Number of protein chains: 6
Amino acid sequence: MPWSLTPPHPSSWQVLLNLALAEDIGPADVTSQLTIASDANGHARIEARQALVACGLFVAQEVFRRVDPQIAIEPCCAEADELEAGQILMRLQGGLHGILAGERTALNFLARLCGIATLTRRYVREIEGTGSQIVDTRKTLPGWRVLDKFAVLAGGGTNHRFALYDGILLKDNHIAAAGGVKAAVEMALARAPAGLRVQVEVESAAEAEAACQAGADFLLIDNRTPEEVRDIVQRCGERALLEVSGGITLENLRQYAQSGVARIAIGAITHSAPACDIALELDDRVAC
Amino acid sequence: MPWSLTPPHPSSWQVLLNLALAEDIGPADVTSQLTIASDANGHARIEARQALVACGLFVAQEVFRRVDPQIAIEPCCAEADELEAGQILMRLQGGLHGILAGERTALNFLARLCGIATLTRRYVREIEGTGSQIVDTRKTLPGWRVLDKFAVLAGGGTNHRFALYDGILLKDNHIAAAGGVKAAVEMALARAPAGLRVQVEVESAAEAEAACQAGADFLLIDNRTPEEVRDIVQRCGERALLEVSGGITLENLRQYAQSGVARIAIGAITHSAPACDIALELDDRVAC
Amino acid sequence: MPWSLTPPHPSSWQVLLNLALAEDIGPADVTSQLTIASDANGHARIEARQALVACGLFVAQEVFRRVDPQIAIEPCCAEADELEAGQILMRLQGGLHGILAGERTALNFLARLCGIATLTRRYVREIEGTGSQIVDTRKTLPGWRVLDKFAVLAGGGTNHRFALYDGILLKDNHIAAAGGVKAAVEMALARAPAGLRVQVEVESAAEAEAACQAGADFLLIDNRTPEEVRDIVQRCGERALLEVSGGITLENLRQYAQSGVARIAIGAITHSAPACDIALELDDRVAC
Amino acid sequence: MPWSLTPPHPSSWQVLLNLALAEDIGPADVTSQLTIASDANGHARIEARQALVACGLFVAQEVFRRVDPQIAIEPCCAEADELEAGQILMRLQGGLHGILAGERTALNFLARLCGIATLTRRYVREIEGTGSQIVDTRKTLPGWRVLDKFAVLAGGGTNHRFALYDGILLKDNHIAAAGGVKAAVEMALARAPAGLRVQVEVESAAEAEAACQAGADFLLIDNRTPEEVRDIVQRCGERALLEVSGGITLENLRQYAQSGVARIAIGAITHSAPACDIALELDDRVAC
Amino acid sequence: MPWSLTPPHPSSWQVLLNLALAEDIGPADVTSQLTIASDANGHARIEARQALVACGLFVAQEVFRRVDPQIAIEPCCAEADELEAGQILMRLQGGLHGILAGERTALNFLARLCGIATLTRRYVREIEGTGSQIVDTRKTLPGWRVLDKFAVLAGGGTNHRFALYDGILLKDNHIAAAGGVKAAVEMALARAPAGLRVQVEVESAAEAEAACQAGADFLLIDNRTPEEVRDIVQRCGERALLEVSGGITLENLRQYAQSGVARIAIGAITHSAPACDIALELDDRVAC
Amino acid sequence: MPWSLTPPHPSSWQVLLNLALAEDIGPADVTSQLTIASDANGHARIEARQALVACGLFVAQEVFRRVDPQIAIEPCCAEADELEAGQILMRLQGGLHGILAGERTALNFLARLCGIATLTRRYVREIEGTGSQIVDTRKTLPGWRVLDKFAVLAGGGTNHRFALYDGILLKDNHIAAAGGVKAAVEMALARAPAGLRVQVEVESAAEAEAACQAGADFLLIDNRTPEEVRDIVQRCGERALLEVSGGITLENLRQYAQSGVARIAIGAITHSAPACDIALELDDRVAC
């Protein structure tokens, strides 16, 4: 695991957290107010109910800090750890009103972030030893970009650009508007910010060749078979960093990786990761 | 379809939209600035690449209105419509910079909301004729509660409570804190706001009986087999509205519905709906 | 007093607090800067200058925490306590600049919230022994809904729905649009969220009958005399929860309560509660 | 009426408006969705049910613009107009869902702002011909400062400082901290921003004298009888602008005004103004 | 230095701080993540690289508190202190990731605020002994009003009004609209809030005379030579507070001051102050 | 001029605009209310009082749209145009209250943005024909990053990275933490996001050599003389993109450019650009 798996800066996800707390709690948790004394205390554990890759503990902690700063929180694993069903992500001790008010929001964050990390890890494992990397896309959930991309890192994947502002990717529409691959690449290289590399989407070996000849050193091969990708790797692999996307599933993933392509972009790890099954249980306190 | 499928009030989703635009566009779409003239115009269509239930067009429209108020937007279907692969959700005409800047954010919203609506519809279809309803849960994505719940409606499902403030659900922890089903139900009924109904989670026929005898008329049967549910329906179905949750899949769904239970709660329709495949294509304008 | 008089979750009133501090303090308290050394310290007490029901201490505390986190704050009574003129609500110790900067904002919050609680308590006392409850309305001050409703609880009143989203109340316009009481009730019952009870506004015994026959079990009798209310109670009181509103004053309140109606809704407790007289005095410290 | 009764700049009250809409509508108006077709239209009037001074039409208009920009709004009177019971403040035409969603928020704003304007007008009328002015205080509702103060203007009153940043008022605590009236006035005059006048609170003729001798030309006489005020007016009225506050009611108001004091500060016009009775009725359209 | 150089209340500059952190850090500091262990610690000093007047330490401290609350911060000078090149403003100890993430934002705040304070001090020194004051204008940077004005105080200058709401300044356009100096002054004096003084812009001795005769006691002499100003001082200096603005540079500043004018307004101290050269260096800890 | 000088997306500068309007206008423009009829109309022009490069018209337009949507706005030049003293940037027609309320905020934005563009243009002109580019830094004003960087483009300069998230720059502290240039470059290249280029700060020819040998192709030469820069250009200019910073003034700028270095980074164009002299005048309407 990378030694610098630093959670994103809070200012980049606190507005989402505010939204989440407001939408689930609002003025009051009516049920708890009716049935639980306001000074009742307890211990709780957040528990994996399936094997998963842990992710999002920093958000879950902040959820509970917000609903009740008196709740003591003890993380029982680290971001990116692999947990078995039954293992514990976090322990809580404090007022039951706060623990129950934060429960669903915390679990909803964890379920998605562990879900992405776990699915990413599965893709990463599938291509182990091939030298290829699993890369994410901008197909993240609106409002969740930085969290989704952090979960990809936790899963062992690699982040593509965050947004339209921090990366250049010439896609079909840009190429068409510019008048072809050659023109688009030349325009982009001539005027691109020096710190950003120009990546070009290509849909054939011919386009890949044209892009390289125009000076591109970073290609995105879109919607090609593993064989076609292998062909482009052989032609351009020494001149350019090659990435592939489109039509890739867990079934054909390894074939793509074995083509020699450096990066495999998978939208599904963020747009379609199923939630992990995680639950909060009130319990008697035992050691982590 | 309900004649009142009104999109949620914009003030309930505009903060999420602001987040989404800021995170994907930020100061600038560098690629378009490098390759497309700032006054270039075009037509685009947003197209289903799979069969799906349309949902979220009102958000997608607002995305494009925000990036460029000059873009003309023409929806080509209604919320909750069933579309085949190849059918068009929306047409756009206007500046390419705006269309491309809004593309990913609009598609990400649509892909999730159509995803939820489509999956919900599948569950709803599966139990057609049984008289049961598919009900959602609070397992929505943080920040997305109102949108996720609207997509459930579009899919033909029924909304459970929105949040902790607008519904009462006595779960295991409340029951334990109150000292048992009977005590919890009595406490809740005695003091509940008059406009809110008290729902009680039960895990056995005995608990269901106890809840009904304590006055509850709305139960949530958690983690029981279809047979156990059928048994509870027979005992309590005339005294209480019955809902079931836990361990229900598309495979066993119809069995649960045939138990006679009125409502079937499915967390997966919001927490694990895969994104629909939807794309924006630049094109020559043809009629809807 | 209810053992669960929990102040509303801070996320539901902090935006109002931010507004309040910004509007009264802005960049600086010019007067204090001109006349008081920036390191001057002192003790202060917040004192009732009339008999009142205490309410809003949690907001006042947060006001002072915001202007100067170093100020030590000691509440001297609990929410919902009855105080005599001269009794103390809260003591403060710390920098005079902060105490004086927060003074007016804290007092303005307290004066209104104690005002509502005190007026509510007066209504509650007036009908003691009748079994009726005093219920609030949505006639709260814009921006203050959760605080105003908490003050009603502190006064001994009961909250009606918080908002349009957490309760169903068929009023004259809905009934007219639906084509009459029967149609409106049937439409609402057929499609209402299961967790929300349908309340129907009626203006005569005939309408009350019609509503009950259509299935309603929660009525709001609007603008009737105590005698008319008594008549409706006798006809429908066993079939439905009855609430009354309109034209009710402290003078005729007990007559309404003696009609046997369960709930009496009073807009005035939130829309027209006079402020309580509360002051902050600098002093020498004595025990609470 | 002043020819420049300009409503406060929207940026100074839009956050409060946002809060108000969110708290009352949230995701949806459940009742209207159940009973009224989403394309149903109608006409409505907002009507005075008591004699009142109109105030806040600009806010009410913005409420309806926000819930549905298609609603046509026609104000039927101007800010500060005196209306009889039965007269109309505003007419609306458009979607019923929007009109009913905005109804309560708009009425709540109007009821308070008309309430303040109406009460202020009553105080102003009471002292007609005396030459004194009715002045407000900072005892406004938190979050409402600019609206409350505008309503005072609409009632014919005069605004005191808005906040701690735009006026200097040496009160007892400042005077004590500075070491007496003389020292406080001298410190303040020596260092006050040139554009702000120094006002000094005094509680006796002796203090008034001391303040004037120290250079003050603007006094606030606190908690004195009309006779005492008259005495101070005779001693200092030519050297300083005199304002009086504390213990003033509609009953003794005219006595204070006849003392010759220039300004009479009344906290009650903002902190305790009862709401005006104003209602929205659906109707058939007739001319204003 | 004034003993009440109190930094502006945080609520008046925290939105700007939030903007600043978000724009510079966003989700992550990529470079530090690539090259520095996430648990690496260090000491740093913020150092003047030129002679300057210190200003803005309270903002810089808050920057580091936000990026990492664990960083220990030790200010080594006070607001308004004069520092030589090489002297230290502040020392930090803690995580390198946080120190480096906050570095640029903190320095950018300090560089501008020290820049304003330093330039202001230079103007103040230039007129030492003349009795005139250096006054700022509303030509501050949008978003920075309260910080810029605080830096003027730190430099030894005097604040003019903060904004359009807390001061009255009749300028050419107001005078033209009102129909001349006399009419404008009389209108303003008749209706001005009692706590605000009326200042009038004049462009000749004749206008100054007219303004004084109409009752003005605070003039702004715009765009006149030192001789013309001296003439107006002799005519009106005893009747009115005189301020001068327009065309004043460090070269002719003393001439203006020697005219006897009380206040000299300089836009350049806020709109054109060059940044001070200030750097953050990692170091071994030594005493302040 | 670049044909894609697109103003930054409004969502990236509207919070700053909100701050600016609130801080200058607040509840009201007192002076205009006292002296100008609320329905008075007029024409105004915004005029350059010095030769300048126009920048920021899009912000100024939005200022006036916000204060009064009825004001007609006609820009009279384009972003990046060179104007002589006396030329007009923009004409306005509409309510005087709005024009005067927006005046100072609009001018303050324009004065800074034209100031940056004008100073940048001067640097760009100074090195014309050398092939070097003028590059900005992160020494922009907090809150103003996207606007300041746009003004650099308008001046003919080139943007360096926007923030810590969209570029990699190994500076002295990163190199020290990593254990030297070689280690730092290798670490960064091994793990850097593929779309971002690694730039390395070097302070000698030896370090430049080391960086290139470690694989860096983008250097920042800090604080060297033109001769030293020329030496590094000769050694590494073919292997790496070279940028220089530190100690560069308008006087020695051309010497640096003549060294053959590709990019010259100038902090002063954003941190110390003096404001341009721009004024708003009420006038009789004439053609642009």
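Residues numbered from 1 in each chain as written. Chains lettered and ligands numbered in written order. Predicted model: local features only at pLDDT ≥ 70, side-chain atom pairs only at ≥ 80, totals over all residues. Heavy atoms only, no water.

Participant: Looking at this structure, how should I read the relation of the copies chain D and chain C?
Facilitator: What relates the pair of chain copies is a rotation about an axis plus a shift along that axis. For the match of chain D to chain C, the screw axis carries a shift of 0.0 Å, the RMSD comes to 0.0 Å, and the turn is 180 degrees. Each copy turns onto its partner about a two-fold axis. Comparing interface residues between copies, 100% of those in chain D also lie at the interface in chain C; the contact surface is shared. (Least-squares fit on C-alpha atoms with pLDDT ≥ 70 in both. Contact = heavy atoms within 4.5 Å.)

Participant: Would you mind going over the sheet that holds strand β6 (residues 133–135) of chain D with me for this structure?
Facilitator: The strands that make up a sheet pair up through hydrogen bonds in the backbone, lying either parallel or antiparallel. Residues and elements named next belong to chain D. Ordered by their spatial adjacency, six strands build an open sheet running β6-β11-β10-β9-β8-β7, and the pairing between neighbours is parallel. For this open sheet the edge positions go to β6 and β7 (168–170), each flanked by a neighbour on one side alone. This sheet shows a mean twist of 25 degrees between the axes of neighbouring strands, independent of strand direction. Two strands pair when backbone bridges link them, and β7 and strand β8 (residues 198–202) are joined in this way by three bridges, in the parallel orientation. (Pairing = 2+ DSSP bridges. Helix = DSSP H or I, 4+ residues; strand = E, 2+ residues; numbered from the N terminus. Axes fitted to C-alpha atoms, helices over the stretch in contact; angles between N-to-C directions.)

Participant: Would you take a moment to explain the packing of helix α1 (residues 14–24) of chain D against helix α3 (residues 57–67) of chain D for this structure?
Facilitator: All names here are of chain D. Two elements in contact, α1 and α3, have axes separated by 11 Å at closest approach and are oriented at 55 degrees. When the axes of α1 and α3 are compared, the pair comes out oblique. Here α1 runs over α3; the crossing is right-handed. Between α1 and α3, the contacting residues are Gln14, Leu17, Asn18 and Leu21 on the first element and Val59, Glu62, Val63, Arg66 and Val67 on the second. Split by residue class, the contact of α1 with α3 holds five nonpolar, two polar and two charged. (Parallel < 35°, antiparallel > 145°, perpendicular 65-115°, else oblique. Left-handed = near helix turned anticlockwise from the far one by under 90°. Nonpolar A, V, L, I, M, F, W, Y, C, P; charged D, E, K, R; others polar.)

Participant: Help me understand the interface of chain D and chain C, please; the structure alone is not making it clear to me.
Facilitator: How large an interface is tends to be reported as the accessible area lost when its parts come together. Each side of the interface is counted separately: chain D has 59 residues, and chain C has 59 residues. When chain D packs against chain C, the two sides together hide about 4,900 Å² of surface, and 60% of this comes from carbon and sulfur. The tally of links between chain D and chain C comes to four salt bridges. One salt bridge in this structure joins Asp24(C) and Arg145(D), with 2.8 Å as the shortest N-O distance. In this assembly, chain D and chain C are joined by 27 residue pairs in polar contact (both at pLDDT 80 or more). Contributing elements (two or more residues each) for the side of chain D that touches chain C: α1, α2 (30–35), α4 (96–126), β7, α6 (172–178) and α7 (181–191) of chain D. For the side of chain D that touches chain C, the residue count by class is 35 nonpolar, 14 polar and ten charged. (Buried area = accessible area lost by both parts, 1.4 Å probe. Salt bridge = Lys/Arg side-chain N within 4 Å of Asp/Glu carboxyl O. Polar contact = N/O pair within 3.5 Å; in protein donor to acceptor, adjacent residues only side chain to side chain.)

Participant: Would you mind showing me how to read the sheet that holds strand β5 (residues 88–95) of chain A here?
Facilitator: All names here are of chain A. Reading across the sheet, the four strands line up as β3-β5-β1-β12 and stay open at both edges, with antiparallel pairing between neighbours. If you trace the sheet from one side to the other, it starts and ends with β3 (72–75) and β12 (278–283), each paired once. Within this sheet the neighbouring strands show an average axis-to-axis angle of 20 degrees, counted without direction. Relative to β5, β3 runs antiparallel, the two sharing four bridges. For isoleucine 73, the partnering residue across the bridge sits in β5 and is leucine 92.

Participant: How do you make sense of the relation of the copies chain A and chain B when you look at a structure like this?
Facilitator: Screw-axis analysis of chain A against chain B gives a translation of 0.0 Å along the axis, an RMSD of 0.0 Å, and a rotation angle of 180 degrees. Both copies contact each other with a shared surface, as 100% of the interface residues of chain A are interface residues in chain B too.

Participant: Which parts of the structure should I look at to understand the arrangement of the chains?
Facilitator: Spatially, chain A and chain D are disjoint, and the shortest separation between their C-alpha atoms is 9 Å. At their nearest point, the C-alpha atoms of chain C and chain F are still 9 Å apart, with no contact between the two.

Participant: I keep staring at the nonpolar core and nothing clicks. Help me out?
Facilitator: In a soluble, globular protein the nonpolar side chains are often hidden away together inside. Ranked by internal contacts, the top residues of the largest apolar core, which has 588 residues, are Leu89(A), Leu89(B), Leu89(C), Leu89(D), Leu89(E) and Leu89(F). When residues of this core are assigned to their parent elements, the largest contribution, 13 residues, is made by helix α4 (residues 96–126) of chain A. Once residues lying within four places of it in the same chain are set aside, the contact partners of Leu89(D) are Ile46(D), Glu47(D), Ala48(D), Ala54(D), Leu57(D), Pro75(D), Cys76(D), Cys77(D), Leu83(D), Leu110(D), Cys114(D) and Ile278(D). (Core = buried A, V, L, I, M, F, W, Y, C linked by side-chain atoms within 4.5 Å. Buried < 20%, exposed > 50% of the residue type's maximum accessible area, 1.4 Å probe, protein only.)

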